[in-house]
Amino acid sequence: MIKIALTGANGLVGSKIVTLLNDQFQFIPLSSSIINITNKDQVYQVLKETDFDLFIHLAAYTNVAKADLERDLCFKINVEGTKNVFDVVSFKKKKFIYISTDFVFDGKKENAPFFETSTANPIGYYGETKYQGEKIVKNQAMIVRIAYPYRSFFSKKPDFVHKLKNLLEQKKELKMIKDALMTPTLVDDIAFGLNYLIKNYTPKIFHLVGSLAYSPCDVAKIIAKKFKLSLSLIKETTYEEYVKGRSPFPQYSDIRSLTNNFFPMSDFETGLEKIIRSQK
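Right, let's walk through the structure included here. The model shown is predicted, which means the values in this text are computed figures rather than measured ones. (Residues numbered from 1 in each chain as written. Predicted model: local features only at pLDDT ≥ 70, side-chain atom pairs only at ≥ 80, totals over all residues. Heavy atoms only, no water.)

**Some details on helix α7 (residues 216-226)**
The condition is simple: Accessibility here uses a 1.4 Å probe with only protein chains present; expressed as a share of the type maximum, an area under 20% marks a residue as buried, one over 50% as exposed, and anything in between as partly exposed. By the criteria applied, helices consist of DSSP H or I runs no shorter than four residues and strands consist of E runs no shorter than two, each listed in order from the N terminus. Throughout, a contact is declared for two residues whenever any of their heavy atoms are within 4.5 Å.
Of all the positions in α7, only P216, C217, V219, A220, I222, I223 and A224 are classed as buried. Of the surrounding elements, those touching the buried residues of α7 are α5 (160-169), β7 (174-177), β10 (234-237) and α9 (268-278). Immediately beyond the C-terminal end of α7, within one or two residues, lies K228, with a positive phi of roughly 55°.

**Overview of the nonpolar core**
Applicable threshold: Side-chain atoms within 4.5 Å link the members of a nonpolar core, which is a set of buried Ala, Val, Leu, Ile, Met, Phe, Trp, Tyr and Cys residues.
Grouped together as the largest cluster of nonpolar side chains are 91 residues, with contacts concentrated most on I97 and F268. Excluding anything up to four places from it in sequence, I97 contacts L54, F55, I56, H57, M142, V144, L194, I198 and Y201.

**Some remarks on the sheet that holds strand β4 (residues 95-101)**
Rules: Between any two strands, pairing holds if DSSP finds at least two bridges. Each axis is a line fitted through C-alpha atoms, taken for helices only over the stretch in contact, and angles between the N-to-C directions span 0 to 180 degrees.
Reading across from one edge, β2-β1-β3-β4-β5-β9 is the order of the 6 strands in this open sheet, with parallel pairing throughout. In this open sheet, the two edge strands, each paired with only one partner strand, are β2 (26-29) and β9 (205-207). Across the sheet, the axes of successive neighbouring strands diverge by a mean angle of 25°, strand direction being ignored. The sheet contact formed by β4 and strand β5 (residues 142-146) spans 5 bridges and is parallel.

**So, the packing of helix α3 (residues 71-91) against helix α4 (residues 125-137)**
Quick reminder of the rule: Throughout this description, any angle smaller than 35 degrees is read as roughly parallel, any larger than 145 degrees as roughly antiparallel, any in the 65 to 115 degree range as roughly perpendicular, and the remainder as oblique. Handedness of a crossing follows from how the near helix is turned relative to the far one, being left-handed for an anticlockwise turn of less than a right angle and right-handed for a clockwise one.
Their axes nearest at 9 Å, the elements α3 and α4 cross at an angle of 15°. Viewed along their axes, α3 and α4 adopt a mutual orientation that is roughly parallel. Judged by the twist between their axes, the crossing of α3 over α4 is right-handed. For the pair α3 and α4, contact is made by R71, C74, F75, N78, V79, T82, K83 and F86 and by Y125, Y126, T129, K130, Q132, G133, I136 and V137, respectively.

**Regarding the packing of aromatic side chains**
What counts is decided by this rule: Classification of ring pairs uses Phe, Tyr and Trp, with its six-membered ring standing for Trp, and accepts pairs whose centres are within 6.5 Å; under 30 degrees between planes counts as stacked, over 60 as edge-to-face, and the remaining range as tilted. By definition here, charges over rings are those cases where NZ of Lys or CZ of Arg is within 6 Å of the ring centre and within 35 degrees of the ring normal.
Scanning the entire structure with this criterion turns up 17 aromatic pairs. Here Y148 and F160 contribute two aromatic rings whose centre-to-centre distance is 6.1 Å and whose plane-to-plane angle is 90°, an arrangement assigned as edge-to-face. In this pair, Y148 sits in the loop between β5 and β6 (149-150) while F160 sits in helix α5, placing the two residues 12 residues apart along the sequence. Here a set of aromatic residues connected by ring pairs shows up, and it is made of F103, Y126, Y148, Y150, F160, Y214 and F268. In this structure, K165 packs its charged tip against the face of F227, placed 5.1 Å from the ring centre. The ring centre of Y242 lies 4.0 Å from the NZ or CZ of R246, which sits over that ring.

**Focus: the side chain of D188**
Note the threshold: Positive charges are assigned to Lys and Arg, negative charges to Asp and Glu, while His and the chain termini are left out of the count. One side-chain nitrogen of Lys or Arg within 4 Å of one carboxyl oxygen of Asp or Glu is enough to make a salt bridge.
Relative to the helices and strands, D188 is located in helix α6 (residues 187-199). No salt bridge is formed by the buried D188. Its closest oppositely charged neighbour is K16, at 4.1 Å. If sequence neighbours within four positions are ignored, D188 has contacts with K16 and L20.

**Brief notes about the pattern of salt bridges**
For side chains of opposite charge, pairing can occur when their charged atoms come near one another. For the structure shown, the criterion picks out 9 salt bridges. Between R71 and D68 there is a salt bridge, with its nearest N and O atoms 3.0 Å apart. Its salt-bridge partner being R145, residue E134 comes within 2.8 Å of it at the nearest N-O pair. Taken together, the residues span a long stretch of sequence, with E134 in helix α4 and R145 in strand β5 at a distance of 11 residues. There is no split in this pair, since E134 and R145 are both buried. Salt bridges linked by common partners bring K226, E269 and E273 together as one network.

Quick look at the structure:
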């Protein structure tokens, strides 16, 4: 059985990967209490003594809104942390999978949709640090980009679906962007896609993303319909209005894959239906 060490094993994506693929691989979770990825010496000591065949690097600073305000912390985790881990994994001559993001793209309408071969050009600091992480490992490791992950309820960190659902349940009005695109991705699909990629490892870039892109406004309406909540609470706004005073993020984040011919990814409506069925 392949032994997989991974950071971020307790997170939104990582914990589901471990749960769903536990019968396929032997996982060695390296939580932040075991390894501080920003501490180069500690990373070396821990990984030197850890027996693994492949390393999945999920740990990251992901607070997009705060990244510009906490640049030093974001850089330490996403860039220096990635280098610290990758250096030791490379020294041990083990395989490495770096989990990245759609935020490495600029999201400009004229450049969309974005494939594995599209040019990265981040517009926010979070995306910039994730892209710098990609450059550290490129051609030496597998890079797997994901976008807007959601899953069945996860108490430690609610995803965008459960955040919007909670607000609608509280009868709060939502201002949702109509002139933008996002690609919601079911975390279960990410896990099952990774199952194939781990067993067929190659140091290339892959997109494991939902099969369709939607406007945030349409996403909110789908959530309201699926969970039988009020559509009247959803109001339209523009991207330009929404980002005033906020950190920028890719406007047309229509992410697609040229390389995923191995696992069918769900569209958003199908993904939500799977979640609802699993909770009954």
